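# Structure assessment
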Amino acid sequence: MFTAIIAGFFLGGSLIIAIGAQNAFILRQGLLQRHVLPLVLFCAVSDATLILLGVAGFGEAVKSAPNLLTAVTWGGAAFLFWYGFTAFRRAMQANALNPAAPGKELSLTAALGQCAAFTWLNPHVYLDTVVLVGGISTTFGDNRWWYALGAVAASFTWFFALGYGARLLTPVFRKPAAWRVLDIVIGSVMWLLAVKVLITPL
């Protein structure tokens, strides 16, 4: 049981800690200290849902739906290109360098909508989380749900640490130039991920 939990925790952590669109978005919102709890909960619960679907055997269904994955690929790439463009635009506009300025805050609905797009319009999340995590779970036999528990725990740990730990960097981001650099990095990450989504075989 404990071996399964630990294995699930470390595999789940290794899949979500890498720099990605979702993590970059949560980091920025954490720095702004806006809608952090609902956003990290949304990410963690979404990840948990995908993990449980994979362990329940939905991985085969995902692999047998190439048209769905193709649609998600194009939709996800388009969204990543658009979000990358908005990040570059923020970086280039002087009046956008103060994140606390009036009119700059995303509403909770808009923030959750963007978070949902980062989460569910990424075709690789289905392959990595549902297919890979679900496939490995079969090696644990009756302990596969303990393995799933470990992976879910990794997701909750990571997203809460990222969302709430970001405020430790607040002193750095008191300078508008730091926000410019962050937005340029985020824009670059989004565009690189969009290209990767389009060129990586599913």
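Residues numbered from 1 in each chain as written. Predicted model: local features only at pLDDT ≥ 70, side-chain atom pairs only at ≥ 80, totals over all residues. Heavy atoms only, no water.

### A look at the nonpolar core
One recurring pattern in soluble globular proteins is that nonpolar side chains are buried together. Formed by 32 residues in total, the largest nonpolar core has its most connected members in Phe25, Ile26, Leu80, Phe118, Ile186 and Met190. Contributions of two or more residues to this core are made by α2 (21–32), α3 (36–63), α4 (66–92), α5 (108–120), α7 (144–165) and α8 (176–199). Filtering out sequence-adjacent residues up to four positions away, Ile186 remains in contact with Ala24, Arg28, Tyr83 and Ala87. Core analysis: the second largest hydrophobic core is formed by ten residues, Ala4, Ile51, Ala148 and Ala151 among them. (Core = buried A, V, L, I, M, F, W, Y, C linked by side-chain atoms within 4.5 Å. Buried < 20%, exposed > 50% of the residue type's maximum accessible area, 1.4 Å probe, protein only. Helix = DSSP H or I, 4+ residues; strand = E, 2+ residues; numbered from the N terminus. Contact = heavy atoms within 4.5 Å.)

### Thoughts on the environment of Thr200
For Thr200, the location among the structural elements is in the segment after α8. Thr200 sits 127 residues away from Thr73 along the chain, and the two C-alpha atoms are 10.0 Å apart.

### Here we look at the packing of aromatic side chains
Per the stated rule, a full pass over the model turns up 15 aromatic pairs. Ring centres of Phe25 and Tyr83 lie 6.1 Å apart, and the angle between their planes is 80°; this geometry places the pair in the edge-to-face category. Placement of the pair is Phe25 in helix α2 and Tyr83 in helix α4, with a sequence separation of 58 residues. Grouping residues by exposure puts Phe25 and Tyr83 together as buried. Plain terms: the ring middles of Phe81 and Trp191 are 6.4 Å apart, the flat faces sit at 55° to each other, and that makes the pair tilted. Of this pair, Phe81 sits in helix α4 while Trp191 is found in helix α8, placing the two residues 110 residues apart along the sequence. Here the aromatic cluster, defined as three or more aromatic residues joined through ring pairs, consists of Phe25, Phe79, Trp82, Tyr83 and Phe118. (Phe/Tyr/Trp six-rings, centres within 6.5 Å; stacked < 30°, edge-to-face > 60°.)

### Here's the deal with helix α6 (residues 123–137)
The terminal C-alpha atoms of α6 lie 20 Å apart, and with 15 residues this matches the ideal 21 Å at 1.5 Å per residue to within 8%. For α6, the tally of buried residues reaches eleven of 15 residues, placing the bulk of the element in the interior. When we look at burial in α6, the residues that qualify are Pro123, His124, Val125, Tyr126, Leu127, Thr129, Val130, Val131, Val133, Gly134 and Ser137. (Expected span 1.5 Å × (residues − 1).)

### A few points about the pattern of salt bridges
A side chain with one charge can pair with a side chain of the opposite charge if their charged atoms come near. All told, the structure shown has two salt bridges when counted by the stated rule. Close ionic contact of Arg28 with Asp183 constitutes a salt bridge, the shortest N to O distance being 3.0 Å. With Arg28 in helix α2 and Asp183 in helix α8, the pair connects residues that are 155 residues apart, well separated along the chain. One exposure class covers both Arg28 and Asp183, and it is buried. A salt bridge links Arg90 to Asp183; its shortest N-O distance comes to 2.8 Å. (Salt bridge = Lys/Arg side-chain N within 4 Å of Asp/Glu carboxyl O.)

### Considerations on the environment of Ala77
Along the chain, Ala77 turns up in helix α4. C-alpha of Ala77 to C-alpha of Met190: the two residues are 113 residues apart in sequence and 8.9 Å apart in space. Ignoring anything within four residues of it in the chain, the contact list for Ala77 reads Ala194, Val197 and Leu198.

### Things to note about the layout of surface pockets
Size it by volume and the largest pocket reaches roughly 640 Å³. Together, 28 residues line the largest pocket, and Leu15, Gly20, Asn122, His124 and Asp128 are the ones closest to its centre. Within the residue set of the lining of the largest pocket, elements represented by two or more residues are α1 (2–16), α2, α3, α4, α5, α6 and α8. No other element matches α6, which puts five residues into the lining of the largest pocket. (1 Å grid on protein atoms, 1.4 Å probe; cavity = no way out; pocket = protein on both sides within 12 Å on 5 of 7 lines; lining within 4 Å. Points joined across faces, edges and corners; volume = space filled by probe spheres on them.)

### Brief notes about the confidence of the model for the protein chain
Overall, the prediction assigns the protein chain a mean pLDDT of 84, with 89% of residues at 70 or greater. Mean pLDDT in the protein chain bottoms out at α6, which sits at 81, and peaks at α7, which reaches 94. (pLDDT = per-residue confidence, 0-100.)

### Considerations on the packing of α1 against α7
At a minimum axis separation of 6 Å, α1 and α7 run at an interaxial angle of 40°. Relative to α7, the element α1 is oriented oblique. α1 and α7 meet at a crossing whose hand is right-handed. Each of Ala4, Ile5, Ala7, Gly8, Phe9, Leu11, Gly12, Gly13 and Ile16 in α1 lies in contact with α7, whose residues at this interface are Trp146, Tyr147, Leu149, Gly150, Ala151, Ala153, Ala154, Ser155, Thr157, Trp158 and Phe159. Here the residues of the contact of α1 with α7 sort into 14 nonpolar, six polar and no charged. (Axes fitted to C-alpha atoms, helices over the stretch in contact; angles between N-to-C directions. Parallel < 35°, antiparallel > 145°, perpendicular 65-115°, else oblique. Left-handed = near helix turned anticlockwise from the far one by under 90°. Nonpolar A, V, L, I, M, F, W, Y, C, P; charged D, E, K, R; others polar.)

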